[in-house]
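A look at the structure
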Amino acid sequence: MSKSTDELFKNVISHAKEYGFVFQSSEIYDGLSAVYDYGQNGSELKNNIKTYWWKAMVQMHENIVGIDSAIFMHPTIWKASGHVDGFSDPMIDNKDSKKRYRADQLLEDKIERYSKDGKTEKAEKLQYDMDEALKGENLARLRELIIEHEIADPISGTRNWTEVRQFNLMFSTQMGAIADEADVVYLRPETAQGIFVNYLNVQKSGRMKIPFGIAQIGKAFRNEVIARQFIIRMREFEQMEMQYFVRPGTQREWFDKWKETRLKWHLALGTAPEKYRYHEHTKLAFYADAAYDIEFEFPFGFKEVEGIHSRTNYDLSQHQKFSNKKMQYFDPEVDPETGKPYGNYIPYVIETSIGLDRMFLLTMINAYEEEDLSTEEKQDSRVVLRLHPCLAPVKAAIFPLIKKDGLPEKARQIMDRLKVDFNLQYEEKDAIGKRYRRQDAIGTPFCITVDHQTLEDDTVTIRYRDTMQQERVAVADLDKIIGDKVSWKNLLS
Ligand code: ATP
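Residues numbered from 1 in each chain as written. Predicted model: local features only at pLDDT ≥ 70, side-chain atom pairs only at ≥ 80, totals over all residues.

From N to C terminus, the protein includes 17 helices and 23 strands. With respect to the principal axes defined by its C-alpha atoms, the protein has extents near 75 × 65 × 50 Å. Across the 493 residues of the protein, 32% fall into the buried class. Within the protein, counting contacts between residues at least 6 apart in sequence, those at least 24 apart form 63% of the total. (Helix = DSSP H or I, 4+ residues; strand = E, 2+ residues; numbered from the N terminus. Buried ≥ 20, exposed ≤ 12 C-beta atoms within 10 Å, placed from the backbone. Contact = placed C-beta atoms within 7 Å.)

Listed below in structure tokens is the structure:
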């Protein structure tokens, strides 16, 4: 069954809703734009992705520890980090449709159209002009380019544009009962700053020695103006970040190592390597000395899933300046060149930052398959989520063949024993075939059927999701069969 990628993406979205993975937030009130809820299967899958990341980063590295910092932080943190002044997108409004757009995205869409139409030279020239304008923060020039290239609003079709303005992406709110300026706090737009401001607390209380890392999983909020492509660009989303503190001068080596290590983490899930690529940032933030994105080929093209950034000592130096607290680390190790300890310095930082929601979507898209099972006699098909067993929301489903003769009781008995270790589902409605299909659709690796023979010899039929093959096994072996398949060893060693 070959489908256009557009159709495939639509099918994944409706599948995600139909099977309890992702719902539009506040749906009964017509939804809240770019905000989503995870359903019963979605939250399990999301938790499993988090566990995979946490184990790979924290549990598998003796020198990396995890924290959980608050979403609200002192407002000066966002001054120091540069977010108050610089975390903004250039916006332009169309006066007829009253719709707002990101000026750079309008230009990027045009560049893409030029490329598709074979107008390579035009595309390259516009790319260059736009990069120059963005680098120089020349908002007037961005507007000029939109006019020069005759970009029209897709809704009104007119070219009646306002000036380009900077629009800050941070959400703010008030803390405390009295609403005055001093009480403004922000919802964090990234989790990284919670790590930076705690770096010495962790280093001292954990007696950490450089190089060491601090990891964190948590919500981040951005008032994205253009929200599109489902959970790719949300206003409330989750990040999994790790900041790795290193000795100045060694950052390139660690950057290369993390760049490689992180891609390996993605590929261990069995994804085809050609679905991934690195994208090197050519326009670096002024404080960064290297930056790569790990991109995945979504049905609508390659998109960033994770960023690996060499952030120098910028963030820690800024916090030292704004807080008046020393951010230095004392390195007792002896420098072979001078024969003296490296002494006091502000560490350099390599960051790995992955969007959990983008990882979730990537996993769903990768796993989703509409499989044609037709034979000469009859037409048949199934939708199967070929999730890695470690990530599958439900590890096994247990079915009594029929709802009588003591089979449900026996099935429950088996379930009660196994559910301590594995997330299981019990189902007794409908024919077995239908039950198999429902489990295939949520990616359950095993279906276990209890029948009359089970009562006699304590064996069951186990059916495998991917091959659909069945075999008879002893109830006593189920722990091992399931356990082997869903063990984190399959991904982490
Ligand atoms: P983009 O260029 O796509 O806006 P970014 O470069 O701003 O992303 P970072 O600030 O590097 O993103 O954040 C790290 C990761 O967080 C990204 O790789 C992405 O997976 C995720 N992320 C960022 N913004 C969003 C969002 N609005 N919704 C969902 N995930 C996001």
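Right, let's talk about the sheet that holds strand β9 (residues 212-221) for a bit. Sheet strands pair by backbone hydrogen bonding; their relative direction is either parallel or antiparallel. Taken in spatial order, the seven strands line up as β3-β9-β10-β16-β13-β12-β11 in an open sheet, and their pairing is mixed. With partners counted over all chains shown, the strands left at the sheet margins are β3 (64-67) and β11 (276-280), one partner each. Here the average twist between neighbouring strands, direction ignored, is 25°. For β3 and β9, the ladder comprises four bridges, and the chain directions are parallel. (Pairing = 2+ DSSP bridges. Axes fitted to C-alpha atoms, helices over the stretch in contact; angles between N-to-C directions.)

A few words now on the site of the ligand. Within the structure, the ligand sits among 16 residues, and Met234, Phe237, Gly307, Ser353 and Gly355 are positioned closest to it. Listed by contribution, the elements that provide at least two residues to the shell around the ligand are β10 (236-246), β13 (301-310), β16 (348-355) and α12 (356-367). Per element, the largest residue contribution to the shell around the ligand is four residues, and it comes from β13. In terms of residue class, the shell around the ligand is built from four nonpolar, four polar and eight charged. (Near = placed C-beta within 6 Å. Nonpolar A, V, L, I, M, F, W, Y, C, P; charged D, E, K, R; others polar.)

Along its 20 residues, helix α2 (residues 40-59) runs 27 Å from first to last C-alpha, staying within 8% of the 28 Å computed at 1.5 Å per residue. Inspection of α2 places Asn41, Gly42, Glu44, Leu45, Lys46, Asn48, Ile49, Tyr52, Trp53, Ala56 and Met57 among the buried residues, and these make up the whole buried set. (Expected span 1.5 Å × (residues − 1).)

Quick look at the domain arrangement of the protein now. Splitting the protein by domain gives domain 1 (5-71 + 192-365), domain 2 (89-168) and domain 3 (387-492). Computed over C-alpha atoms, the centres of domain 1 and domain 3 are 35 Å apart. No other element matches the eight residues that α2 contributes to the side of domain 1 that touches domain 3. Taken together, the residues that form the side of domain 1 that touches domain 3 break down as eight nonpolar, four polar and two charged. (Domains from an automatic or database assignment.)

Looking at where Asp153 falls in the secondary structure, it is placed in the loop between α7 (139-148) and β6 (165-168). Under the C-beta neighbour-count criterion, Asp153 is labelled buried, with 20 such atoms within 10 Å. The spatial distance from the C-alpha of Asp153 to the C-alpha of Lys95 is 9.6 Å, given a sequence separation of 58 residues.

Let us look at the sheet that holds strand β21 (residues 446-450). Here five strands make up an open sheet; going across it, the order is β20-β19-β21-β22-β23 and the pairing mixed. What marks the edges here is a single partner per strand, and that holds for β20 (424-426) and β23 (470-474). Across the sheet, the axes of successive neighbouring strands diverge by a mean angle of 25°, strand direction being ignored.

So, on to α12. Compared with the 16 Å implied by 1.5 Å per residue over twelve residues, the 16 Å span of α12 between its first and last C-alpha is a close match. In terms of residue burial, α12 counts as a mostly covered element, since ten of its twelve residues are buried.

On to the nonpolar core. In this structure, Ile398 and Ile448 are the most contacted members of the largest nonpolar core, which totals 87 residues. Looking at this core, the element that brings in the most residues is α12, giving seven residues. Mapping this core onto the domain boundaries places at least three of its residues in each of domain 1 (5-71 + 192-365) and domain 3 (387-492). Aside from chain neighbours lying at most four places away, what touches Ile398 is Ala411, Ile414, Met415, Leu424, Tyr426, Ile448 and Val450. Judged by nonpolar contacts, the second largest core, of 13 residues, contains Met91, Leu107, Leu145 and Ile146. (Core = buried A, V, L, I, M, F, W, Y, C linked by C-beta atoms within 7 Å.)

This part takes up the environment of Asp430. Along the chain, Asp430 turns up in the loop between β20 and α14 (432-442). For Asp430, a count of 12 C-beta atoms within 10 Å puts it in the exposed group. Considered as a pair, Asp430 and Ile402 are 28 residues apart in the sequence and their alpha carbons are 9.2 Å apart.

Another aspect to go through is the packing of α2 against α12. Orientation of α2 relative to α12, taken along the N-to-C sense of each, is 110°, at an axis distance of 10 Å. As judged from the angle between their axes, α2 and α12 are roughly perpendicular. Crossing angle aside, the handedness with which α2 passes α12 is right-handed. Between α2 and α12, the contacting residues are Leu45, Lys46, Ile49 and Lys50 on the first element and Leu356, Met359, Phe360 and Thr363 on the second. Residues of the contact of α2 with α12, tallied by class, amount to five nonpolar, one polar and two charged. (Parallel < 35°, antiparallel > 145°, perpendicular 65-115°, else oblique. Left-handed = near helix turned anticlockwise from the far one by under 90°.)

Another point: the environment of Phe9. Examined against the element boundaries, Phe9 turns out to sit in helix α1 (residues 5-18). In the structure, Phe9 is positioned 356 residues away from Ile365 in sequence and 7.6 Å away in space, judged by C-alpha atoms. The contact partners of Phe9, leaving out residues within four places of it in the chain, are Pro299 and Phe300.

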